[in-house]
Amino acid sequence: MTARKPADIFREEADLLAAGIDLQQQGLELLLAEMRALAALLPGEETHDQTDAEVEASFDNMPV
């Protein structure tokens, strides 16, 4: 049995972390797709992404 180099161990750990992040990204993409599908079914909900100007216009900016 040969001794493993520290760089190999770090590379394996980095690969595991990258795989975990990829799996989380896939789960979040699925959740976003489900949320968009549900929003399309709800009455009165807009199905397109709002622009920054539309988001800002929807806030009540009255001074207190």
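Check the entry above for the structure.
About the thresholds
- Residues numbered from 1 in each chain as written.
- Predicted model: local features only at pLDDT ≥ 70, side-chain atom pairs only at ≥ 80, totals over all residues.
- Heavy atoms only, no water.
- Helix = DSSP H or I, 4+ residues; strand = E, 2+ residues; numbered from the N terminus.
- Buried < 20%, exposed > 50% of the residue type's maximum accessible area, 1.4 Å probe, protein only.
- Areas by Shrake-Rupley, 256 points an atom, 1.4 Å probe, with all protein chains shown as cover.
- Salt bridge = Lys/Arg side-chain N within 4 Å of Asp/Glu carboxyl O.
- Patch = residues over 30% accessible without salt bridge, like charges linked within 9 Å, V, L, I, M, F, W, Y side chains within 5 Å.

Below, the discussion takes up the overall build of the chain. Within the chain, the regular secondary structure consists of 2 helices and 0 strands. Going through the 64 residues of the chain one by one, you find that 0% of them count as buried. For the chain, the computed accessible surface area is about 6,300 Å², with 62% contributed by carbon and sulfur atoms.

A full pass over the atoms with the stated rule returns 2 salt bridges. Where R4 meets E12, a salt bridge forms, and the shortest distance between an N and an O atom there is 2.7 Å. Here D8 ties to R11 by a salt bridge, and the two come within 3.2 Å at their closest N and O atoms. Taken together, the positions of D8 and R11, both in helix α1 (residues 6-41) and 3 residues apart, correspond to about one turn of that helix.

It is worth spelling out a nonpolar patch on the surface at this point. Residues L28, L31 and M35 make up a contiguous nonpolar surface patch of about 300 Å² in total accessible area. Structurally, M35 is set in helix α1.

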